[in-house]
Amino acid sequence: MMRSALAAMAVILSAAPAMAQGQAYEQTGASPASLAFNPANIARVKQLVASDPEARARWNALRKTADKALTSTPRGDREIDSALEALGLAFRVTGQAKYAQGAKALLLQRAARKDWLTDTPLARRDPPWRSDLGMGYAAASTGIAYDAVRDTLSQAERQTIVQGLIRGAILPIMDDWIDGAKRIHALDTMGHNWWAHIVFGAGVAALAVREDDPRGLEWARRIDEASVEWFEFPGTRIGTKPPTFGSDGAYSETVSYAELALHSLMLFRRSWTEAMGTEPSPIKGLDKIAGYFLATSYPRSEGWVSLNFGDSRPPSCGCHTLADLWALGDHNPEYLKYIAGFSGVPAKDAWKDATNLPYFPDASARASASSSTTTSRTYVSRDQGLLTMRSDWSPDATLLGVKSGFTWNHNHADAGSFILYHKGRTLIADSGHSGYSTPEYDGYYRQSEAHNVVTIDGKAEPASDLYDGSASMGTIDHVLDTPNIRYAWADATGPTSRYFQRNYRNILWVGDTILLIDDLRSRDPGQFEWLLHHSGTATRKGRTVEIRDADAGVDVTPLFPAALPDGGLPTDYPYALRLVGHEGLADEDPKIKQAYLGFQPVGKSDREKFLVALQPHNDGMSPSRIERLEGTNWIGVRITGADRITEVYFNLLADGRLRHRNANATIAGLDTDAYILAVSRPLGRDENTAPDEITVVDASYVRRSGAVLVDSLAKVTAHLAMGSSTQVQFSGTHGTVRIACSAPVQVAGMEGTAACANGQAVLPRTN
């Protein structure tokens with residue numbers, strides 16, 4: 001093993017002495033590389049290549065890219081970018097002059113361009129744009145390659161390349177996006193991803209030329225200052241633009257565009273650290289971005305995918321961003337597990353990049369990542385309106401994603417929509433999108449009808465929001481996450497307010513059953529419809545629709561406003577729910593038709609309740625039994641699982657129909673004003689005994705046989721588990737709450753316990 005490692009090192013270094021003897025390039029006395037391929041980084045590459053077979057394989061692949069660039073001219077700007085970085089790495093590692101000369105040729109060729117703009121129609125706008133996305137890529141790769149070979153270039157060659165880089169990329173970007181004397185863009189122009197990608201590419205280039213032009217350091221410092229403003233941009237209500245990031249690290253424009261923007265930011269911050277030897281400006285909340293990428297991922301045995309709401313594609317990931325975090329010293333093993341999960345998609349394999357090889361994790365780090373686990377099953381971004389709930393983090397588990405946020409740009413008209421993954425398949429799907437230039441992109445894929453939402457007369461969000469933005473965004477709130485029941489509330493009223501006065505989607509995950517309770521009020525009477533987009537096949541089986549894709553399946557059972565008829569002809573069941581077929585379009589191919597379904601109540605109305613159960617198929621296990629329940633002023637469902645019975649009740653009086661009066665109701669022997677009440681007990685326990693778990697949503701009291709179980713002047717959302725001890729979880733802040741108890745009470749997130757006196761604990765108000 002030692003002999004082979006030494007041999008590998010010898011091969012890498014063999015050309016360096018010959019190069020020095022042959023004077024393959026002019027000795028200029030310039031400083032060595034200071035960015036990605038600086039001496040310390042290259043020393044680590046050599047050590048890794050000599051001792052780590054996987055690192056050696058990656059190095060060999062990058063060297064092949066460099067060798068190919070020497071024999072055939074790269075085609076297209078992105079191939080030139082990759083070639084430049086590979087040539088710079090190959091030169092610094094081997095010392096062979098041919099790689100420096102190859103990089104020099106491409107650098108001089110690019111510097112000679114009259115215009116670096118690749119999206120030429122932008123130049124015809126008024127005022128004309130001088131920079132675009134391609135320029136962001138070109139600026140960064142040109143700067144990195146120039147820095148790598150700078151000490152091999154003559155003074156005249158350096159001057160030519162630097163002047164070309166400044167004229168072709170740095171100045172157009174600074175003038176368009178940063179410099180107040182000429183700037184035509186603001187932080188919210190072209191979404192939030194264009195600004196970041198273009199500007200931070202120029203930042204890398206500015207650092208590369210700082211020793212040749214004193215303005216380079218000035219530009220880099222200005223971009224470093226601007227990076228804080230971009231990341232922390234709070235949005236603008238006048239311009240109807242969302243914040244760039246939520247306080248929880250979630251990005252405003254879906255996963256793929258988060259990666260484009262953040263990788264550019266992080267590459268600039270890496271370059272700053274490498275070149276300056278100091279930390280760039282601190283950015284509040286930057287440490288939370290990894291949590292967003294992890295929460296939106298779905299581990300599959302055949303390779304991970306991400307939630308594809310909006311314009312994001314399933315293979316999209318934050319892989320390069322997490323590799324950047326690793327390079328900056330944040331060695332969380334979850335990052336490596338995540339990156340490895342997407343590595344089967346070549347474009348997502350972050351470690352194949354030449355600039356990342358110096359930071360490639362060693363074998364021990366990779367081994368620790370393979371055994372790491374993520375524990376949080378529920379993630380919510382209240383600022384961006386995104387929810388994920390999963391059964392666990394094992395490959396091919398069950399994942400529910402819900403989107404109810406801002407509609408604009410890369411975000412579709414999908415407030416309240418959901419996606420369900422199970423056994424590695426996307427069973428309940430987002431319709432995806434097509435090329436941006438196709439008429440179907442705006443005509444179908446971005447519209448409400450292409451998503452799993454409720455419509456009224458085929459409408460939900462106005463099409464104009466896709467360009468103008470939704471003045472009132474959707475939200476997700478009231479999240480509870482307990483072992484037996486999870487709850488969240490999605491409010492899609494804002495984006496759909498042209499047609500809806502009330503558009504709430506309640507999500508309850510109980511055992512193996514996911515309930516969706518839609519509380520709807522339209523502005524005018526119309527035909528409500530609950531849309532269901534799916535992959536695979538959908539088969540009607542009595543009162544259930546079974547969706548199957550390969551060996552994965554889910555039963556979709558509507559319970560309210562009515563069940564599907566069990567058989568016979570539609571004329572036999574004039575008041576039953578109708579199952580309606582529609583024709584949509586396939587993801588990324590509008591030429592292919594894709595069927596989807598809808599549940600329609602009979603007749604038109606302006607108020608409706610949908611209660612639909614989703615039950616993913618689990619091998620060898622029968623699903624929980626579900627029963628439709630209904631009483632005076634309430635509807636509900638009983639879920640009988642393997643070891644527990646849970647009853648979920650929706651209080652019809654609490655749906656906004658009462659004003660200046662409370663929604664007092666008696667439900668299942670309980671007096672309450674709760675919007676939603678769920679009670680649970682072990683299977684086999686006498687149903688007349690008190691439940692051992694209670695979940696209340698927007699309730700001020702719950703009483704049973706005169707005994708007070710929950711008492712709060714302000715309505716509260718909470719879960720109570722009552723046994724030998726009482727455990728309470730609240731959603732958000734709350735007023736003073738009194739609960740029944742028999743022992744000290746534990747409150748999630750609170751240190752210590754609350755005293756239990758005379759059968760009651762007083763939980764003080766939180767802010």
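Definitions and limits used
Residues numbered from 1 in each chain as written. Predicted model: local features only at pLDDT ≥ 70, side-chain atom pairs only at ≥ 80, totals over all residues. Heavy atoms only, no water. Helix = DSSP H or I, 4+ residues; strand = E, 2+ residues; numbered from the N terminus. Rg over C-alpha atoms; globule rule 2.2 N^0.38 Å. Contact = heavy atoms within 4.5 Å. Areas by Shrake-Rupley, 256 points an atom, 1.4 Å probe, with all protein chains shown as cover. Lys, Arg positive; Asp, Glu negative; His and termini not counted. Charge placed at Lys NZ, Arg CZ, Asp CG, Glu CD. Phe/Tyr/Trp six-rings, centres within 6.5 Å; stacked < 30°, edge-to-face > 60°. Buried < 20%, exposed > 50% of the residue type's maximum accessible area, 1.4 Å probe, protein only. Disulfide = S-S within 2.5 Å. Salt bridge = Lys/Arg side-chain N within 4 Å of Asp/Glu carboxyl O. Pairing = 2+ DSSP bridges. Axes fitted to C-alpha atoms, helices over the stretch in contact; angles between N-to-C directions. Parallel < 35°, antiparallel > 145°, perpendicular 65-115°, else oblique. 1 Å grid on protein atoms, 1.4 Å probe; cavity = no way out; pocket = protein on both sides within 12 Å on 5 of 7 lines; lining within 4 Å. Points joined across faces, edges and corners; volume = space filled by probe spheres on them. Nonpolar A, V, L, I, M, F, W, Y, C, P; charged D, E, K, R; others polar.

Visitor: Quick question: what am I supposed to make of the overall build of the protein chain here?
Guide: Scanning the protein chain for helices and strands turns up 17 helices and 31 strands. The C-alpha atoms of the protein chain give a radius of gyration of 30 Å, which matches the 27 Å a tight globule of 767 residues would have. Looking at the protein chain alone, contacts between residues at least 24 apart form 64% of all its contacts between residues at least 6 apart. With an accessible surface of roughly 30800 Å², the protein chain has 51% of that area assigned to carbon and sulfur atoms. Considering the protein chain, the positive charge centre built from 78 side chains and the negative charge centre built from 88 side chains are found 1 Å apart.

Visitor: What's the story with the packing of aromatic side chains in this structure? I'm lost.
Guide: Aromatic ring pairs are defined here through the distance separating the ring centres and the angle between the ring planes. Going through the model one piece at a time under the given rule, you end up with 25 aromatic pairs. Between the aromatic rings of Phe 245 and Tyr 251, the centroid separation amounts to 5.0 Å while the plane-to-plane angle is 50 degrees, which identifies the pairing as tilted. Neither residue differs from the other here; Phe 245 and Tyr 251 are each classed as buried. Taken together, a centroid distance of 6.2 Å and an interplanar angle of 65 degrees make the contact between Phe 268 and Trp 272 edge-to-face.

Visitor: Hey, could you run me through the state of the cysteines in this one?
Guide: In a disulfide, the sulfur atoms of two cysteines are held together by a covalent bond. Evaluation of the coordinates by the stated rule reveals two disulfides. Taken N- to C-terminal, the disulfide-bonded cysteines of the protein chain are connected 1-2, 3-4.

Visitor: I keep staring at the environment of Ala 69 and nothing clicks. Help me out?
Guide: One can find Ala 69 in helix 4 (residues 53–71). C-alpha separation for the pair Ala 69 and Asp 524, spaced 455 residues apart in sequence, amounts to 65 Å.

Visitor: How should the pattern of salt bridges be read in this particular structure?
Guide: For the coordinates displayed, the defined rule picks out 44 salt bridges. One salt bridge connects Lys 541 with Glu 546, and the closest N-O pair in it is separated by 2.9 Å. Judged by relative accessible area, which is 49%, Lys 541 ranks as partly exposed. In this structure Glu 546 comes out as buried when scored by relative accessible area, which is 11%. The salt bridge involving Asp 655 is made with Arg 657; its shortest N-O contact spans 2.8 Å. The class of Asp 655 is buried, set by a relative accessible area of 1%.

Visitor: I keep staring at the environment of Ala 714 and nothing clicks. Help me out?
Guide: Within the secondary structure, Ala 714 sits in strand 27 (residues 707–722). We classify Ala 714 as partly exposed; its relative accessible area is 40%. Through-space distance from the C-alpha of Ala 714 to that of Asp 698 is 8.8 Å; in sequence the pair is 16 residues apart.

Visitor: It is not clear to me how the sheet that holds strand 5 (residues 399–403) should be interpreted in this structure. Could you clarify?
Guide: Remark on secondary structure: sheet strands pair via backbone hydrogen bonds, oriented parallel or antiparallel. Pairing is antiparallel in the open sheet, where five strands are placed in the order 3-4-5-6-7. Each end of this open sheet is capped by a strand with a single partner; those strands are strand 3 (378–381) and strand 7 (425–428). Recorded for the sheet is a direction-independent mean angle of 15 degrees between the axes of neighbouring strands. Strand direction decides the pairing type here: strand 5 and strand 6 (residues 417–422), joined by five bridges, are antiparallel. Looking across to strand 6, one finds that Leu 399 is bridged to Tyr 421.

Visitor: Honestly, the sheet that holds strand 14 (residues 537–541) in this entry has me stumped. Any pointers?
Guide: If you walk across this open sheet you meet the eight strands as 9-10-11-12-19-16-15-14, and the pairing is antiparallel. The sheet is open, and its two edges are formed by strand 9 (475–481) and strand 14, each paired on a single side. Put simply, the sheet's adjacent strands are angled 20 degrees from each other on average, direction ignored.

Visitor: Would you take a moment to explain the pairing of strand 15 (residues 544–549) for this structure?
Guide: As a general feature of sheets, a regular strand has side chains that alternate between the two faces. Looking at chain direction, strand 14 and strand 15 are connected through five bridges and run antiparallel. Counted as the bridge partner of Lys 541 is Thr 544 from strand 15. Here strand 14 folds back onto strand 15 in antiparallel fashion, the turn holding two residues, of which Gly 542 has a positive phi close to 65 degrees. Two strands pair when backbone bridges link them, and strand 15 and strand 16 (residues 552–560) are joined in this way by five bridges, in the antiparallel orientation.

Visitor: When you look at the packing of helix 14 (residues 333–342) against helix 15 (residues 363–370) in this model, what are you seeing that I'm missing?
Guide: In a pair of packed helices, the angle between the axes and the distance between the axes together describe the arrangement. Two elements in contact, helix 14 and helix 15, have axes whose closest approach is 8 Å; the angle formed by their N-to-C orientations is 85 degrees. Compared by their axis directions, helix 14 and helix 15 come out roughly perpendicular. On the side of helix 14, the interface is formed by Pro 333, Leu 336 and Lys 337, while helix 15 contributes Ala 365, Arg 366, Ser 368 and Ala 369.

Visitor: Can you walk me through empty space enclosed by the protein in this structure?
Guide: Once rolled over the atoms, a probe with the size of a water molecule shows which space is left empty. Evaluation of the coordinates by the stated rule reveals five cavities of 30 Å³ or more. Roughly 150 Å³ of volume is contained in the largest cavity. Along the walls of the largest cavity sit 13 residues, with Tyr 251, Thr 254, Tyr 292, Leu 386 and Lys 403 positioned nearest its centre. Broken down by class, the residue content of the lining of the largest cavity amounts to seven nonpolar, five polar and one charged.

Visitor: What is the right way to look at the pairing of strand 22 (residues 644–651) in this model?
Guide: Counted residue by residue, strand 22 has eight buried out of eight residues, so it is predominantly covered. What you see with strand 22 is no split at all: Arg 644, Thr 646, Val 648 and Phe 650 on one side and Ile 645, Glu 647, Tyr 649 and Asn 651 on the other are buried throughout. Sheet topology note: the strand 21 (residues 634–640)/strand 22 ladder contains seven bridges and is antiparallel. Bridging from a neighbouring strand, Val 637 pairs with Val 648 of strand 22.

Visitor: Please explain the side chain of Asn 503 as it appears in this structure.
Guide: The residue Asn 503 is located in strand 11 (residues 500–510) in this model. Sequence-distant contacts of Asn 503, that is, excluding residues within four places in its chain, are made with Ala 490, Asp 491, Ala 492, Thr 493, Thr 496, Asp 519 and Leu 520.

Visitor: Sorry, what's going on with the side chain of Gln 615 here?
Guide: As for its position among the elements, Gln 615 is in strand 19 (residues 605–616). Apart from the residues within four sequence positions on either side, Gln 615 is in contact with Asp 512, Thr 513, Val 554, Asp 555, Pro 623, Ser 624 and Ile 626.

Visitor: In this structure, what is going on with the packing of helix 3 (residues 39–51) against helix 5 (residues 77–94)? I would like to understand it.
Guide: Packing of helix 3 against helix 5 leaves a shortest axis separation of 10 Å and a crossing angle of 75 degrees. Regarding the angle of helix 3 to helix 5, the classification is roughly perpendicular. Of the residues in helix 5, those touching helix 3 at Ile 42, Val 45 and Lys 46 are Leu 89, Arg 92 and Val 93. Taken together, the residues of the contact of helix 3 with helix 5 sort by class into four nonpolar, no polar and two charged.

Visitor: What's the story with unusual backbone geometry in this structure? I'm lost.
Guide: Note: most peptide bonds trans; most residues except glycine with negative phi. Note the cis peptide between Asp 126 and Pro 127, where omega equals 0 degrees. Here Pro 127 shows up in the loop between helix 6 (97–111) and helix 7 (133–149). A cis geometry characterises the amide bond from Phe 560 onward to Pro 561, with omega recorded as 10 degrees. Mapped onto the elements of the fold, Pro 561 is located in the loop between strand 16 and strand 17 (578–586). The phi dihedral of His 660 is positive, around 65 degrees, even though this residue is not glycine. Looking at the secondary structure, you find His 660 in the loop between strand 22 and strand 23 (665–667). Judged by its relative accessible area of 87%, His 660 is exposed.

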